[in-house]
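Below are the chains, spelled out letter by letter.
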Amino acid sequence: MRVIIKPDSEQCSQWAADYVAYKINRFHPAPNRPFVLGLPTGSTPLGMYRNLIEQYKAGKISFENVVTFNMDEYIGLPPEHPQSYHYFMKENFFKHINIKPQNIHMLNGMTRDYEKECTDYENAIKKCGGVNLFIGGIGTDGHIAFNEPGSSLSSRTRIKTLRYDTIKSNSRFFDNDLNRVPKTTLTVGVGTITDAEEVMIIATGSNKAEAIRQGVEGAVTHMWPISILQMHQHSIIVCDEEAASSLRAETVKYFKEIENRTLDFPL
């Protein structure tokens, strides 16, 4: 596990975007060999998306041969709904870059056959040869995608009922009206995420500090899904000082010393 600790969220976003660009460019994707990218929604990755858009416009990166799979989608929200993740991705990322529409994969929250939708999604990932880099954020309770505490660490894409704390947290996107927040979602599983060659989690703010502590220093447990990254050979947590504030001083010192002697993006 790598833990990248930056002074603030802006520098976290910049580092994450630079790393994504580095991985894609180093891969040299082609039509018959695309780079497969797993993507999150929410407020945390917005800065990363803005930076990637700037790099695309500057000619530093192309998404022509990039295939994407998003983490999740609310059940019951059509793609054009302002709070659907289809809409979020289109407005905040996809419409600003040169990705091909056929290369974008998102779960269909309007399906009536949830099992088939989830199975087809897993099969689509396999057909592409797996995800090269899966990016995510975390909740205050350590959830990744919509895999909340108690989720199996080997879970696959499935329907998930949301707990009250998640609904309350997400109500800020629905004018703070709990009744407007969908109560169920389709989400990739913890196992789906960790099947990726590499996983990068971004976390900023003091409200994520306990989740980061549990993920880095705690035991591996389904009650803190983020902790599964300890078992992944190529996992990265990018966090700001506030999110790292509950880590032991020795832990912070260790990771900062390691990064001071490590190239950000090895050749």
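Residues numbered from 1 in each chain as written. Predicted model: local features only at pLDDT ≥ 70, side-chain atom pairs only at ≥ 80, totals over all residues. Heavy atoms only, no water.

### With respect to the packing of helix α1 (residues 9-27) against helix α2 (residues 46-57)
Between two packed helices, both the angle of their axes relative to each other and the distance between the axes serve to describe the pair. Interaxial distance between α1 and α2 falls to 8 Å at its minimum, and their mutual angle equals 50 degrees. Viewed along their axes, α1 and α2 adopt a mutual orientation that is oblique. As α1 packs across α2, the resulting crossing turns out to be right-handed. Mapping the contact onto sequence places Ser 13, Gln 14, Ala 16, Ala 17, Asp 18, Val 20 and Ala 21 in α1 and Gly 47, Met 48, Asn 51, Leu 52 and Gln 55 in α2. (Axes fitted to C-alpha atoms, helices over the stretch in contact; angles between N-to-C directions. Helix = DSSP H or I, 4+ residues; strand = E, 2+ residues; numbered from the N terminus. Parallel < 35°, antiparallel > 145°, perpendicular 65-115°, else oblique. Left-handed = near helix turned anticlockwise from the far one by under 90°. Contact = heavy atoms within 4.5 Å.)

### Thoughts on the pairing of strand β10 (residues 235-240)
On a regular strand, each side chain points to the face opposite its neighbour's, so the side chains alternate between the two faces of the sheet. Counting buried residues along β10, 6 of its 6 residues qualify, which places the element largely inside the surrounding structure. Here β10 shows no split at all, with Ser 235, Ile 237 and Cys 239 on one side and Ile 236, Val 238 and Asp 240 on the other all buried. Pairing of strand β1 (residues 2-6) with β10 involves 5 bridges; the strand directions are parallel. Bridging from a neighbouring strand, Ile 4 pairs with Val 238 of β10. (Buried < 20%, exposed > 50% of the residue type's maximum accessible area, 1.4 Å probe, protein only. Pairing = 2+ DSSP bridges.)

### Examining the packing of aromatic side chains
A full pass over the atoms with the stated rule returns 12 aromatic pairs. Centroid distance Phe 63 to Phe 93: 5.5 Å. Interplanar angle 85 degrees. Geometry classified as edge-to-face. One end of the pair, Phe 63, is in the loop between α2 and β3 (66-70); the other, Phe 93, is in the loop between α3 (85-92) and β5 (104-105), with 30 residues separating them in the sequence. For the residue pair Phe 63 and Phe 93, the accessibility class agrees, reading buried in each case. Look at Tyr 74 and Tyr 85: their rings are 5.0 Å apart centre to centre, the planes differ by 35 degrees, and that puts the pair in the tilted class. Of the two residues, Tyr 74 sits in strand β4 (residues 72-74) while Tyr 85 sits in helix α3, which places them 11 residues apart along the sequence. Residue Tyr 74 shares its accessibility class with Tyr 85, and that shared class is buried. An aromatic cluster of three or more residues is present, and its members are Tyr 49, Phe 63, Phe 93 and Phe 94. For the cation-ring pair, Arg 33 lies above Phe 27, with the distance from its terminal atom to the ring centre recorded as 3.9 Å. (Phe/Tyr/Trp six-rings, centres within 6.5 Å; stacked < 30°, edge-to-face > 60°. Lys NZ or Arg CZ within 6 Å of the ring centre and 35° of its normal.)

### Observations concerning the sheet that holds strand β6 (residues 133-137)
Pairing is parallel in the open sheet, where 7 strands are placed in the order β1-β10-β9-β6-β2-β3-β5. The sheet is open, and its two edges are formed by β1 and β5, each paired on a single side. Summarising the sheet, strand β2 (residues 35-39) and β3 pair through 5 bridges and their orientation is parallel. Directly across from Phe 35, in β3, lies its bridge partner Val 66.

### Considering the environment of Thr 157
Positionally, Thr 157 belongs in the loop between β6 and β7 (158-161). In the structure, Thr 157 is positioned 105 residues away from Thr 262 in sequence and 35 Å away in space, judged by C-alpha atoms. Discounting chain neighbours no more than four positions away, the residues touching Thr 157 are Leu 107, Cys 118, Tyr 121, Glu 122, Thr 187, Val 188, Gly 189 and Thr 192. Side chain to side chain, Thr 157 and Glu 122 meet in a polar contact 2.7 Å long. (Polar contact = N/O pair within 3.5 Å; in protein donor to acceptor, adjacent residues only side chain to side chain.)

### Comments concerning the sheet that holds strand β8 (residues 184-187)
On the basis of which strands lie adjacent, the open sheet formed by 3 strands has the order β4-β8-β7 and antiparallel pairing. Edge positions in the sheet fall to β4 and β7, since each has one partner strand and no second. Averaged over all adjacent pairs, the angle separating strand axes in this sheet is 30 degrees, with direction ignored. Sheet topology note: the β4/β8 ladder contains 3 bridges and is antiparallel. Following the sheet pairing, Glu 73 is matched in β8 by Leu 186.

### What about the nonpolar core?
Ranked by size, the top nonpolar core spans 42 residues in total, and within it Val 20, Met 48, Phe 63, Phe 93, Ile 135 and Met 200 carry the most contacts. Mapped by element, the contributors of at least two residues to this core are α1, β2, α2, α3, β6, β9 (198-203) and β10. Ranked by residues supplied to this core, first place goes to α1 with 10 residues. When near neighbours in sequence (up to four residues on either side) are disregarded, Phe 63 contacts Ile 24, Leu 52, Tyr 56, Phe 93, Ile 97, Asn 98 and Ile 99. (Core = buried A, V, L, I, M, F, W, Y, C linked by side-chain atoms within 4.5 Å.)

### Quick word on the side chain of Asp 141
Of note, Asp 141 is situated in the loop between β6 and β7. For Asp 141, a relative accessible area of 12% puts it in the buried group. Only 2.7 Å separates the side chain of Asp 141 from the side chain of Arg 163, close enough to count as a polar contact. In this view, Asp 141 contacts Pro 149, Arg 163, Thr 166, Met 223, Trp 224 and Pro 225; residues no more than four positions away in its chain are not counted.

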